[in-house]
Amino acid sequence: MTTPDTTPAVEDRAALLREIGPLPLSGQAWPDWVRILAWVILAVLGVQVVTTAIRAPAQPFDTVLAVVVVLCFVGLLFVSWHMQTSITTIDERGLRQTWFTRREVAWEDVRYARFVPMLFSKRLVVFTHRGRPVIFQGGTRELRSAFVKIAHVYRHG
């Protein structure tokens, strides 16, 4: 079994993967309601920006402010798109999630993991041997259940 400062034995990891179920386990990184909420908020902001621009007086507008607003909207669009398309996968090699950049951790690199059940996102924070945490989102019941099991096996004393 594991001690506070060691990673699980190969047998413990194999038992964990069997307990998680048939692999690979893949699912949406964000819950449906969060992904829908992101698009609703984006639509409301878009409508608000357009109606404000239409109702603005016939005076010249601040170009810098307009560029900042457009860039912020494009940034929110970028985040919403990635929330919509992001997939988390657990398999025999480790954990992966598509995002702006690919998040990936091999089982051998996991030092410990912690499940963080936040309101909008159920997360697995994985600390690697290099000390760099990698956060994985779990938008499905199966992923959240697997995250809890992983955190239990890779707990840090």
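Now for a description of the structure that goes with this document. (Residues numbered from 1 in each chain as written. Predicted model: local features only at pLDDT ≥ 70, side-chain atom pairs only at ≥ 80, totals over all residues. Heavy atoms only, no water.)

### Comments concerning a nonpolar patch on the surface
- A cluster of nonpolar residues, W33, L37, I41, L45, F73, L76, L119 and F120, forms a patch on the protein surface that exposes about 730 Å² of accessible area.
- Counting residues per element, the ones that place at least two in the nonpolar patch are α2 (32-55) and α3 (63-85).
- With four residues, α2 is the single largest residue contributor to the nonpolar patch.
- Along the polypeptide, F120 turns up in the loop between β5 (110-117) and β6 (122-128).
- For F120, a relative accessible area of 41% corresponds to the partly exposed category. (Patch = residues over 30% accessible without salt bridge, like charges linked within 9 Å, V, L, I, M, F, W, Y side chains within 5 Å. Areas by Shrake-Rupley, 256 points an atom, 1.4 Å probe, with all protein chains shown as cover. Salt bridge = Lys/Arg side-chain N within 4 Å of Asp/Glu carboxyl O. Helix = DSSP H or I, 4+ residues; strand = E, 2+ residues; numbered from the N terminus. Buried < 20%, exposed > 50% of the residue type's maximum accessible area, 1.4 Å probe, protein only.)

### Regarding the packing of helix α1 (residues 10-20) against helix α4 (residues 141-153)
- Where α1 contacts α4, the axes come no closer than 10 Å and their chain directions differ by 165 degrees. In this view, α1 runs roughly antiparallel relative to α4, as classed from their interaxial angle. Read as a crossing pair, α1 and α4 show a hand that is right-handed. Packed against α1, whose contacting residues are L16, E19 and I20, the element α4 presents A146, K149, I150 and V153 at the interface. (Axes fitted to C-alpha atoms, helices over the stretch in contact; angles between N-to-C directions. Parallel < 35°, antiparallel > 145°, perpendicular 65-115°, else oblique. Left-handed = near helix turned anticlockwise from the far one by under 90°. Contact = heavy atoms within 4.5 Å.)

### Structural notes on the nonpolar core
- I90, L95, W107 and I150 are the most contacted members of the largest nonpolar core, which totals 21 residues.
- Looking at this core, the elements with two or more residues in it are α1, β5, β6, β7 (133-138) and α4.
- A per-element tally of this core places α4 first, with six residues.
- Filtering out sequence-adjacent residues up to four positions away, L95 remains in contact with T89, I90, R103, E104, V105, W107, L124, V126, F136, F147 and I150. (Core = buried A, V, L, I, M, F, W, Y, C linked by side-chain atoms within 4.5 Å.)

### Observations regarding the sheet that holds β5
- In spatial order, the strands read β5-β6-β7; together these three strands make up an open sheet with antiparallel pairing. Since the sheet does not close on itself, it has two edges, and those belong to β5 and β7, each with one partner. Averaged over all pairs of adjacent strands, the angle between strand axes in this sheet comes to 20 degrees, irrespective of strand direction.
- Across seven bridges, β5 lies against β6 in antiparallel orientation. (Pairing = 2+ DSSP bridges.)

### Section: the environment of L143
- Within the fold, L143 resides in helix α4.
- Spatially, the C-alpha atom of L143 lies 7.4 Å from that of L25, the residues being 118 residues apart in sequence.

### With respect to the pattern of salt bridges
- Enumeration according to the criterion identifies six salt bridges in this entry.
- Between D91 and R96 there is a salt bridge whose closest N-O contact spans 2.7 Å.
- Taking the relative accessible area as the measure of exposure, D91 reaches 5% and is therefore buried.
- Given the relative accessible area of 12%, R96 is considered buried.
- A salt bridge links D109 to R130, with the shortest nitrogen-to-oxygen separation between them at 3.8 Å. You can see D109 sitting in the loop between β4 (103-106) and β5 and its partner R130 sitting in the loop between β6 and β7, a full 21 residues away along the chain.

By themselves, these are just geometric observations and shouldn't be taken as functional.
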